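As a plain string of letters, each chain reads:
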Amino acid sequence: MKKRIVIAGGGASGLMAAIQAAGEGASVTVLEHNEKPGKKLNATGNGKCNLTNLAFLPDAYRGTDPSFAAPALSAFSVQDTIKFFSRLGIYTINKNGGIYPHSGQAASVTEVLCMEAKNLGVKIKTKEHVKEVRREQGIWKTYTEGWCYESDGVILANGSNASQISGADGSGYDLAAKLGHRIIPPLPALTALKCQGRPFKWDGVRTNGQVTLCLNGIPLKTQQGELQLTEYGVSGIPVFQISRYAIRALKEGCEVSLILDFLPEFSMEAMEDFLMARRKNCPYKTEKELLIGLFPSKLIQILTSRRNLIEAIKAFPLKVTAGLDFSKAQVCSGGVDTGQVDPFTMESKLMPGLYFAGELLDIDGTCGGYNLQWAWSSGAAAGRHAGKRKDTP
């Protein structure tokens, strides 16, 4: 008899889990809330799908216990991901370490996953919203609005409520909680930050710079790149990278602030010498005119309104009041407590036969394909171990 596996969620981790479980010989059914699987996957990377990343970053994965991610990431590595998708027909290209499909379309990734799943006999049931999961007399029962699916194992890969995509409702957290699992409160991550003093008149400005996150006045994280200045505060990839720490700290009652450095390549002393040289070269220019060619005009207006111009350029302070809501976040921080999950198999330590994959777990990645790599790696671990018969090594 084939082992029967039911997977809640037909996104990146759910489809990977389905393929791996079916590859182990299991009979697999995927229950997807939307009318088609992979809806959120199709939107990743602005529809271009950053599959993974060749660069190793020491803090690429975050969570209450970031080390939890290591075994799965090792068992199904970046190179394994590239080989896997190459075998399915995705010719990949390298953009500064980020790996993308040559087609430039995330939909092609979803398509090949679904084709492979169907080729392996996976049943993908759409418009099926999982209402409840129970284990009765050794049999798992997964209830939707119109049916009860019986199985030998269940993989929860429902994702989080981060996204504007319909179906991203965080229902997996409730399912896991009802099965006895502790949920680290989910909060938006990889998103912009609102700051005190809005509306800001620098709305629409994009400029290279550095942002430092401070908690209770103590610097914690620094990121550099293109900053997007908005009427409510700041955005851009450097801000996204630190947003999970800022938002969680606000939830914990910390005072959260940012220091913006609009010319990080200069020290304070070098900045002073640089401005003096500009004044010497063009003594006829006003303070605002001295900054033409350095910054966009809207930003010049803001910088020159401050008492100390050099400090304004090198250490512009902002008090963070909130992050944007879940609909504007790329992922969530928080989720199923990884202390209650086996990091090698993704199986629950509380309920044998229950597995987790992807963003539902308390692991979130930084920008650049790391969250998708977590989906592939955790999905592969959950699928392989859930689908494996007890009599196989």
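Here, the structure is the one placed above.
Residues numbered from 1 in each chain as written. Predicted model: local features only at pLDDT ≥ 70, side-chain atom pairs only at ≥ 80, totals over all residues. Heavy atoms only, no water.

Student: Break down the overall build of the protein chain for me, citing the residues and quoting the values.
Tutor: Helix and strand counts for the protein chain come out as 12 helices and 21 strands. Looking at the protein chain as a whole, 54% of its 393 residues are labelled buried. Here the contacts in the protein chain between residues at least 6 apart in sequence split such that 73% fall between residues at least 24 apart. By element, 50% of the accessible surface of the protein chain is carried by carbon and sulfur atoms, the whole surface being about 17,800 Å². Averaging the positions of the 45 positive and the 37 negative side-chain charges in the protein chain gives two centres separated by 3 Å. (Helix = DSSP H or I, 4+ residues; strand = E, 2+ residues; numbered from the N terminus. Buried < 20%, exposed > 50% of the residue type's maximum accessible area, 1.4 Å probe, protein only. Contact = heavy atoms within 4.5 Å. Areas by Shrake-Rupley, 256 points an atom, 1.4 Å probe, with all protein chains shown as cover. Lys, Arg positive; Asp, Glu negative; His and termini not counted. Charge placed at Lys NZ, Arg CZ, Asp CG, Glu CD.)

Student: Any chance you could break down the pairing of strand S17 (residues 256-261) for me, citing the residues and the numbers?
Tutor: With 5 of 6 residues buried, S17 is to be regarded as a mostly interior element. Looking at chain direction, strand S14 (residues 205-215) and S17 are connected through 6 bridges and run antiparallel. Looking at the pairing, Thr212 lines up with Ile259 of S17. When S17 meets strand S18 (residues 316-323), the two strands line up antiparallel, connected through 4 bridges. Within S18, the residue paired with Leu260 across the bridge is Phe316. (Pairing = 2+ DSSP bridges.)

Student: Give me the lowdown on the nonpolar core, citing residues and values where you can.
Tutor: In terms of nonpolar packing, the biggest core is built from 73 residues, with Val28, Leu113, Leu156, Trp374 and Trp376 touching the most fellow members. When residues in this core are grouped by element, the largest group, 9 residues, is from helix H12 (residues 370-387). Once you skip the residues sitting within four places of it in the chain, Trp376 turns out to touch Ala12, Met16, Leu41, Leu51, Phe76, Thr81, Phe85, Val109 and Leu113. Counting 38 residues, the second-largest nonpolar core is a separate cluster that includes Trp202, Val211, Leu229 and Val256. (Core = buried A, V, L, I, M, F, W, Y, C linked by side-chain atoms within 4.5 Å.)

Student: Which residues make up the sheet that holds S17, and what values do they have?
Tutor: Spatially, 6 strands are ordered S13-S16-S15-S14-S17-S18 in a closed barrel, and the strand pairing comes out antiparallel. Pairwise comparison of adjacent strand axes, ignoring direction, gives a mean angle of 45° for this sheet. Inspection of the sheet shows strand S13 (residues 193-195) paired to strand S16 (residues 233-235) by 2 bridges, in the antiparallel sense. Following the sheet pairing, Lys194 is matched in S16 by Gly233. Sitting on the sheet, helix H7 (residues 237-251) is in contact with S13, S14, strand S15 (218-229), S16, S17 and S18, with an inclination near 135° to S15. (Axes fitted to C-alpha atoms, helices over the stretch in contact; angles between N-to-C directions.)

Student: Describe the packing of helix H4 (residues 78-88) against helix H5 (residues 106-119), listing the residues and the values that go with them.
Tutor: Interhelical geometry of H4 versus H5 gives an angle of 75° and a closest axis separation of 10 Å. One finds that H4 runs roughly perpendicular with respect to H5. Counted together, Phe84, Phe85, Arg87 and Leu88 of H4 and Val109, Val112, Leu113 and Glu116 of H5 form the full contact between these two elements. Looking at the contact of H4 with H5 residue by residue, the class counts come to 6 nonpolar, no polar and 2 charged. (Parallel < 35°, antiparallel > 145°, perpendicular 65-115°, else oblique. Nonpolar A, V, L, I, M, F, W, Y, C, P; charged D, E, K, R; others polar.)

Student: Kindly report on the layout of surface pockets, identifying the contributing residues and their values.
Tutor: As a volume, the second largest pocket reaches approximately 350 Å³. Around the second largest pocket, the lining comprises 19 residues; the ones closest to its centre are Phe56, Leu57, Ala60, Tyr61 and Leu73. Every element with two or more residues in the lining of the second largest pocket is listed here: strand S3 (52-53), helix H3 (70-75), H4 and H12. Within the lining of the second largest pocket, the residues separate by chemical class into 13 nonpolar, 6 polar and no charged. (1 Å grid on protein atoms, 1.4 Å probe; cavity = no way out; pocket = protein on both sides within 12 Å on 5 of 7 lines; lining within 4 Å. Points joined across faces, edges and corners; volume = space filled by probe spheres on them.)

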